[in-house]
Each structure stands twice: as C-alpha cells, then as structure tokens.
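An overview of the molecular structure
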Amino acid sequence: MLWISWKRKFSKDIARAWLLVRQIKHSWRAVQNLPVRKLDNRKNLAGVGMKKKKSVTTDRCAYWFITPYYLFFVLFVLFPIVVNIVLSFTDFNLKTISFTGFKNYMDLARDGLFWKSVENTLIYVVFTVFITLVIGFVLALALNNAAIAGTRFFRGFIYLPYVTSMVSMSMVWLWMYDPTHGVFNVILEALGLNARQWLYDEKLALGAVIVMGVWKGVGYYMTLYLAGLNNIPGYLYEAASIDGAGSLQKVFRITIPMLRPVTFFIVITGVINAFNVFEQVNVMTGGGPMNATTTIVHQIYTRAFTEYRMGYGAAEAVFLLLIILVFTLLNFKYGNQGQDLDIG
C-alpha cells in the first residue's frame, strides 16, 4: 500500500510538472514567435494568383496615405532642428545675424549657470522618474483587482492629474506651497511645527517641484503598469501557488520580470519628458531662488526669449537635443528587450 501511495503521488507530481512546463513553453512561443507582417506582400499575393501590378498600385496608395505624416515631420520637426543647429553657430538677436563659428559652444562650456541648470535637471530626472515609477507600480498592484469596490473610481481619480494642464496644476500647487495660507504650512502649524518657505528656500525649492512632478505623472505610470499586468498569463501565478510561492515571491519572480519591457519604456520616455521640464519651474519658481530650480529648458527660454540671444539659446537646445537623442537611440536598440525572460 505504501508503494502504491508513493507511486500515485509521484505520478501526480510528474504530470503536474509536465503540464506546467508545457504551458510555459506554449506561452513563450506565443510571445517570441509572433508573426511579423511585412508591408510588401508581393510574394504572398503572387502565391494566390494576384497580379504584381495590383501590388504596386496598393503600395503607391499606402505611400499616399502616409505622405501627410512625413510632410508634417519634415516641416515641423526636421526643418526646425536643422534651422536651430544653423542658428547655434551665429549671433542672432532678431535684428541682426552674424556667423560666429563655435563661439556659442565655447561660451557654453564656461557658463556656470548653464551647468547649474544641467545639475538641477539631472536631479529632477533621477528622483522624479524613480519615485514615480515605484509609486505607480505599487498603485497598479493595489488597483489591479477590479472586484474590489471603488477600484475604477480610484484609477480615474489618480489618473486625472496627468490629463490636466500643467500650468493650471502649477498654480494650484503654488497656492498649496504659499508661506502664509498654503495647505502644507497650515498642516505643519496644526501639528505644532514651524511653517516652511517651500519655494523660497534653496534647499527645499527643487524638492517641492519634484513632489509636484511625481504627483502629476504617477497616474500615467500606473495606467501603463495596469496594462502590463493584464497581459501576464494567469496560469503563471496558479503554477506558483501550487509550488507554494507567497505574494512577494510572485511579485519578484513573475510580475517584475514580466513587466521589464513596460518598465524599460517608462524609464526611457520618463527620462526624455523629465529633461524637458519647464512649465512648473517657470510658473512656480521662475528658476529661483538663486537659480536653485532653473533647468536646461528654462535656461533656453531665458537666453532666447528674455535676453534675445537666439544663437546662444540654440546652442543650449542642441546640447539638450543630443541628450534626448542618446535615450531615443537606446529605446530603438533595446526597446524590444525583455521578451526572452527567465522566470525562476
């Protein structure tokens, strides 16, 4: 009887392991071997007896449909970039223009205020992207169960700030940070603590802007993670439960590895967007106090549209363009990573 009981248990375990392996293999094959549709289907069309002339006509029709996009790209993206690069080698003040070679770039290398803006921007990028990513992921895990009452309401409520105008939200947070009647100082005084000069203290101003940026972007990150969570096969969690995995083990062994492509996309796009921070800085602090919150885009705006040093502002814009280009190329090269995951 003992031998029969052990044999049945062993057979059951073997069957369960075989089923799990088969399901995982099927899942990875479905993800990794998705068929790629080519725009040029001439071979396939020839195989079903269609004429090559019809295929050429179809291709031409497709090119006509995408022509408006390329016209928009050339006129409003590529052409302004080329003009900006040309202006970076000139001294242009809206009245006169003269070629100065690399003078703007040499002045840029010695401009302490510009490098201060680079430092502030890097601090803003690192803290905003990382904190928003973590909070967005945690909120997505908490709100992933639609059966919980109020889940849809909280999803919409958290996502709402992202679709609201940055300028209007900056005005709201400017009031919240007010030294005398702001919400935060009212709370501190109610707790018996001293009020803070949130936007007028060099040590607190940049942090206050970062908090506002995290609050506005966390809903977008949460939505992306929710979409990623819904694409994770449920049988992976079922198999993990059978093997005795706890909730934290499922998160670190299944959820996080499966969300690597989403996380990579969030990091790249988040870094690019954070490098372009401007509205909240311009509305809430104007780059102060003592340039503690000035950023690269804020310096470009100041040089070009306040001091009318268009050539110098164009050189700063080229510097920012190169930074964004690096992260864009990283996205092109590694944007599809994470498909060959080893969950174990």
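For the structure itself, look to the data block above.
Topic: the overall build of the protein chain
- Within the protein chain, the regular secondary structure consists of 15 helices and two strands.
- In the protein chain, 68% of the contacts between residues at least 6 apart in sequence involve partners at least 24 apart.
- Carbon and sulfur atoms form 67% of the exposed surface of the protein chain, whose accessible area is close to 22,400 Å².

Topic: the packing of aromatic side chains
- Counted by the stated rule, this structure contains 24 aromatic pairs.
- Consider the rings of W115 and F319, whose centres lie 5.6 Å apart with planes at 85°: the pair is edge-to-face. In this pair, W115 sits in helix 5 (residues 112–142) while F319 sits in helix 15 (residues 310–334), placing the two residues 204 residues apart along the sequence.
- For the ring pair Y220 and Y221, a centre distance of 6.2 Å and an interplane angle of 55° mean the geometry is tilted.

Side note on helix 14 (residues 296–306)
- With respect to burial, helix 14 is a largely interior element, eight of its 11 residues being buried.
- Among the residues making up helix 14, those that are buried are I296, V297, H298, Q299, I300, T302, R303 and A304.
- Buried residues belonging to helix 14 abut helix 5, helix 12 (260–275), helix 13 (279–284) and helix 15.

Side note on unusual backbone geometry
- Note the cis peptide between G288 and P289, where omega equals -5°.
- Mapped onto the elements, P289 comes out in the loop between helix 13 and helix 14.
- Phi is positive for M290, close to 55°, though the residue is something other than glycine.
- Note that M290 resides in the loop between helix 13 and helix 14.

Some details on the environment of F99
- Topologically, F99 is positioned in strand 2 (residues 97–99).
- A C-alpha to C-alpha distance of 9.4 Å links F99 and V86, two positions 13 residues apart in sequence.
- Setting aside residues no more than four positions away along its own chain, F99 makes contact with F89 and T90.

Focus: the packing of helix 5 against helix 9 (residues 205–230)
- Running from N to C, helix 5 and helix 9 point in directions that differ by 40°, and their axes come no closer than 6 Å. One finds that helix 5 runs oblique with respect to helix 9. In terms of crossing hand, the pair formed by helix 5 and helix 9 is right-handed.
- In terms of residue class, the contact of helix 5 with helix 9 is built from 21 nonpolar, six polar and no charged.

Some words on the environment of L113
- Take L113: it is sitting in helix 5.
- Residue class for L113 comes out partly exposed when judged on its relative accessible area of 26%.
- With 182 residues separating them in the primary sequence, L113 and T295 have C-alpha atoms 9.7 Å apart.

Basis of the calculations
Residues numbered from 1 in each chain as written. Predicted model: local features only at pLDDT ≥ 70, side-chain atom pairs only at ≥ 80, totals over all residues. Heavy atoms only, no water. Helix = DSSP H or I, 4+ residues; strand = E, 2+ residues; numbered from the N terminus. Contact = heavy atoms within 4.5 Å. Areas by Shrake-Rupley, 256 points an atom, 1.4 Å probe, with all protein chains shown as cover. Phe/Tyr/Trp six-rings, centres within 6.5 Å; stacked < 30°, edge-to-face > 60°. Buried < 20%, exposed > 50% of the residue type's maximum accessible area, 1.4 Å probe, protein only. Axes fitted to C-alpha atoms, helices over the stretch in contact; angles between N-to-C directions. Parallel < 35°, antiparallel > 145°, perpendicular 65-115°, else oblique. Left-handed = near helix turned anticlockwise from the far one by under 90°. Nonpolar A, V, L, I, M, F, W, Y, C, P; charged D, E, K, R; others polar.

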